[in-house]
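Take a look at the letters that make up each chain.
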Amino acid sequence: MSDHQTVLIIEDEADIQTLLRTVLTRNDFDVLVASDGLTGIFLAKEHHPDLIVLDVGLPDMDGWGVLEQLRSASNVPVIMLTAHGTEADRVRGFGAGADDYLVKPFSNKELIARIRAVLRRSQPAQAQPDLYNDGVLAIDFIAKLVSVNGRLLKVTPIEFRLLSAFAKSAGLVLSVQQLLEAAWGNPPADGQDRVKFSILRIRKKLGWSESGPIVAVRGFGYRYDPPSNAVPDEVLPQHPEEPS
Ligand code: CA
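Quick caveat, the model's predicted, so the values are computed rather than measured. (Residues numbered from 1 in each chain as written. Predicted model: local features only at pLDDT ≥ 70, side-chain atom pairs only at ≥ 80, totals over all residues. Heavy atoms only, no water.)

K.L.:
In this structure, what is going on with the overall build of the protein? I would like to understand it.
P.N.:
If you tally the helices and strands in the protein, you get 9 helices and 12 strands. When burial is assessed residue by residue, the protein has 44% of its 244 residues classed as buried. A sequence separation of at least 24 residues applies to 57% of the contacts in the protein between residues at least 6 apart. Surface exposure of the protein reaches about 13000 Å², of which carbon and sulfur atoms provide 51%. (Helix = DSSP H or I, 4+ residues; strand = E, 2+ residues; numbered from the N terminus. Buried < 20%, exposed > 50% of the residue type's maximum accessible area, 1.4 Å probe, protein only. Contact = heavy atoms within 4.5 Å. Areas by Shrake-Rupley, 256 points an atom, 1.4 Å probe, with all protein chains shown as cover.)

Structure, rendered in structure tokens:
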């Protein structure tokens, strides 16, 4: 028995199937492939994959219909593959219960980063570490301390909760609604503006610009991009008491 995580690919285009299979196998995932929606749903029920990569355009039914059927049976993380430039598809994907999306054409690096981030986020809450550190942004969730490039910063409770939400979902888009719930709990009606202005203040305080690492994703929300060389799982001291 392999202890690798299993990814189910539901995609009809042979080239993309091959690419996904090659990249995933090379990165130590076990791979299952379905070329149509019904086979995909069957394989998901039969094999309980750890994650599903689901194309929107399939021959027998569209990816949204597949997602709906998958969701009626399980919370398996799903990354949608969408055609280039279809912003509406992305927003729809989140509404329909997708965990993330990739726009074709995507790079191998982006694919693996998204898969790892979604798998990390879907792990049970008790696996959440007390610290986050990607080399730029560091947060001590217990002591409520934030530092950027090694410099400790004074942040308000709202700013702390926003930054924590970004760190816990580093590399993934968070909707304005998700940010409101994370930082304000019970979001007020004028919430959109509160998120916008808080992010403006955070950028100013941390010396960050619109171009990153907190970026706006039009029509959806915001994403925190950790430095590309950061591998949070390895950077984090999960068991600081153990000698290394
Ligand atoms: Ca397709």
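K.L.:
Help me understand the sheet that holds strand 12 (residues 221–224), please; the structure alone is not making it clear to me.
P.N.:
Each strand in a sheet pairs with its neighbour through backbone hydrogen bonds, running either in the same direction (parallel) or in the opposite one (antiparallel). Spatially, 3 strands are ordered 10-12-11 in an open sheet, and the strand pairing comes out antiparallel. With one partner strand each, in any of the chains shown, strand 10 (173–175) and strand 11 (214–217) form the two edges of the open sheet. On average, each strand axis in the sheet is tilted by 30 degrees relative to the strand beside it, whichever way the strands run. Both strand 11 and strand 12 contribute to a ladder of 4 bridges, which runs antiparallel. (Pairing = 2+ DSSP bridges. Axes fitted to C-alpha atoms, helices over the stretch in contact; angles between N-to-C directions.)

K.L.:
When you look at the packing of aromatic side chains in this model, what are you seeing that I'm missing?
P.N.:
Any aromatic ring pair is given by two values, namely how distant the centres are and how the planes are angled relative to each other. Under the definition given, this model contains 1 aromatic pair. Taking the ring centre of Phe141 as reference, the NZ or CZ of Lys168 above it sits at 4.6 Å. The ring of Phe197 carries the charged tip of Lys196 above its face, separated from the ring centre by 5.9 Å. (Phe/Tyr/Trp six-rings, centres within 6.5 Å; stacked < 30°, edge-to-face > 60°. Lys NZ or Arg CZ within 6 Å of the ring centre and 35° of its normal.)

K.L.:
Even after reading the chapter, I still don't get the nonpolar core, so can you show me in this structure?
P.N.:
The tendency in soluble globular proteins is for nonpolar side chains to be buried side by side. Residues Leu137, Ile139, Leu179 and Ile214 are the most contacted members of the largest nonpolar core, which totals 27 residues. Looking at this core, the elements that each hand over two or more residues are strand 7 (137–140), strand 8 (145–148), helix 6 (157–168), helix 7 (176–184), helix 8 (191–206) and strand 12. Of the residues forming this core, the biggest block, 6 residues, is contributed by helix 6. Those residues in contact with Leu179, other than ones at most four positions away along the chain, are Leu162, Ala165, Phe166, Leu174, Trp184, Val195, Ile199 and Tyr222. Counting residues in hydrophobic clusters, the runner-up holds 24 residues, among them Ala44, Leu54, Val66 and Phe220. (Core = buried A, V, L, I, M, F, W, Y, C linked by side-chain atoms within 4.5 Å.)

K.L.:
In this structure, what is going on with the packing of helix 1 (residues 14–26) against helix 5 (residues 108–121)? I would like to understand it.
P.N.:
A packed helix pair is summarised by two numbers, namely the angle formed by the two axes and the spacing between the axes. Look at helix 1 against helix 5: their axes get within 11 Å of each other, and the N-to-C directions meet at 65 degrees. Relative to helix 5, the crossing made by helix 1 is right-handed. Within the contact between the two elements, helix 1 uses Leu19, Leu20, Val23 and Leu24 and helix 5 uses Asn108, Leu111, Ile112 and Ile115. The residue inventory of the contact of helix 1 with helix 5, partitioned by class, reads 7 nonpolar, 1 polar and no charged. (Left-handed = near helix turned anticlockwise from the far one by under 90°. Nonpolar A, V, L, I, M, F, W, Y, C, P; charged D, E, K, R; others polar.)

K.L.:
Looking at this structure, I do not really get the coordination of the calcium ion. What am I missing?
P.N.:
Metal coordination angles have textbook ideals: 109.5 degrees for a tetrahedral set of four donors and 90 or 180 degrees for an octahedral set of six. Protein ligation of the calcium ion involves Glu11 (OE), Asp12 (OD), Glu13 (OE), Asp55 (OD) and Gly57 (O), the donor distances falling in the range 2.1 to 3.0 Å. Between consecutive donors of the calcium ion, the numbers of intervening residues give the motif E-D-E-x41-D-x1-G. (Donors = N, O, S within 2.8 Å, 3.2 Å for Na, K, Ca; no water.)

K.L.:
I'm lost on the pairing of strand 3 (residues 51–55) in this one. Help?
P.N.:
Along a regular strand, successive side chains alternate from one face of the sheet to the other. The buried fraction of strand 3 amounts to 5 of the 5 residues, a majority that puts the element mostly inside the structure. Across the two faces of strand 3 the burial is the same, with Leu51, Val53 and Asp55 and Ile52 and Leu54 all buried. Across 4 bridges, strand 1 (residues 6–10) lies against strand 3 in parallel orientation. Looking across to strand 3, one finds that Ile9 is bridged to Val53. Where strand 3 meets strand 4 (residues 78–82), 4 bridges bridge the pair, whose relative direction is parallel.

K.L.:
What am I meant to see in the environment of Tyr132 here?
P.N.:
Locating Tyr132 in the fold gives a position in strand 6 (residues 131–133). Along the sequence, Tyr132 and Ser164 sit 32 residues apart, while their C-alpha atoms lie 8.6 Å from each other. A distance of 2.7 Å separates the side chain of Tyr132 from the side chain of Asp134, its partner in a polar contact. (Polar contact = N/O pair within 3.5 Å; in protein donor to acceptor, adjacent residues only side chain to side chain.)

K.L.:
Looking at this model, I keep getting lost on the environment of Leu131. Mind explaining?
P.N.:
Note that Leu131 resides in strand 6. Residue classification places Leu131 among the partly exposed positions, given a relative accessible area of 31%. Separated by 36 residues in sequence, Leu131 and Ala167 place their C-alpha atoms 9.8 Å apart.

K.L.:
So what exactly am I meant to see when it comes to the sheet that holds strand 7 here?
P.N.:
A sheet is described by the order of its strands in space; here 4 strands give the open sequence 6-7-8-9, paired in antiparallel fashion. Each edge of the open sheet is held by one strand with a lone partner, namely strand 6 and strand 9 (151–153). Across the sheet, the axes of successive neighbouring strands diverge by a mean angle of 20 degrees, strand direction being ignored. Where strand 7 lies against strand 8, 4 bridges are found, and the strand directions are antiparallel. Residue pairing in the sheet places Ala138 in a bridge with Ser147 of strand 8. Against the sheet, helix 6 engages strand 6, strand 7 and strand 8, with an angle of about 110 degrees to strand 7.

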